[in-house]
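An overview of the molecular structure
Here's the letter readout for the chains.
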Amino acid sequence: MGTNNASFFNIPINIPGGTGPNSGRFGTLGRDTFRGPGFHDFDFALIKDTPFGHRGNSEFGTLEFRAEFFNMFNIVNFGLPSNIVRGSGFGVISKTAGTSRQIQFSLKVIY
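Below or above, wherever it landed, is the structure these notes cover. This structure is a prediction, so every number in the text was calculated from the model and none was measured. (Residues numbered from 1 in each chain as written. Predicted model: local features only at pLDDT ≥ 70, side-chain atom pairs only at ≥ 80, totals over all residues. Heavy atoms only, no water.)

Along the protein chain, the regular secondary structure elements total zero helices and three strands. When the helices and strands of the protein chain are read in sequence order from the N terminus, they spell out β-β-β. Classification of the 111 residues of the protein chain by burial places 11% in the buried group. A sequence separation of at least 24 residues applies to 50% of the contacts in the protein chain between residues at least 6 apart. As presented, the protein chain carries roughly 9,400 Å² of accessible surface, and 58% of it is formed by carbon and sulfur atoms. (Helix = DSSP H or I, 4+ residues; strand = E, 2+ residues; numbered from the N terminus. Buried < 20%, exposed > 50% of the residue type's maximum accessible area, 1.4 Å probe, protein only. Contact = heavy atoms within 4.5 Å. Areas by Shrake-Rupley, 256 points an atom, 1.4 Å probe, with all protein chains shown as cover.)

Dropping the structure here:
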């Protein structure tokens, strides 16, 4: 990526108090200072076991009902901004991350 971005950056040289091999200074902003938008997701599950039937003194089986909610509050999570310096889309967020709300129901017989 550095070779593609070479024409966009100027390497300062011979600056008083500068650091680095050319006595230049790039700034004081630390690494990984810029961050993308946060990711919020809330998953939830309800499980209900219902015994049925008898075999002697014990239950014959169990019917399990499950309801599972993924991204329950349907929060939109934006993707990371474009990091390609060349072009007009630099810093633009053009996609979402994760999925929309999904609900799943299931029945399971355990015997």
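Pairing between side chains of opposite charge can happen when their charged atoms approach one another. Counted by the stated rule, this structure contains two salt bridges. Note that Glu64 and Arg66 form a salt bridge whose closest N and O atoms lie 3.1 Å from each other. Using a relative accessible area of 28% as the deciding quantity, one classes Arg66 as partly exposed. As a salt-bridge pair, Glu68 and Arg66 come within 3.0 Å of each other at their nearest N and O atoms. Through salt bridges with shared partners, a single network forms among Glu64, Arg66 and Glu68. (Salt bridge = Lys/Arg side-chain N within 4 Å of Asp/Glu carboxyl O.)

Bringing the pairing of strand β1 (residues 44–55) into the picture now. Relative to strand β2 (residues 58–70), β1 is paired through eleven bridges, and the arrangement is antiparallel. Note that in β2 the partner of Pro51 across the bridge is Thr62. In this structure, the hairpin formed by β1 and β2 is closed by a connection of two residues, where Gly56 is found at a positive phi of approximately 70°. (Pairing = 2+ DSSP bridges.)

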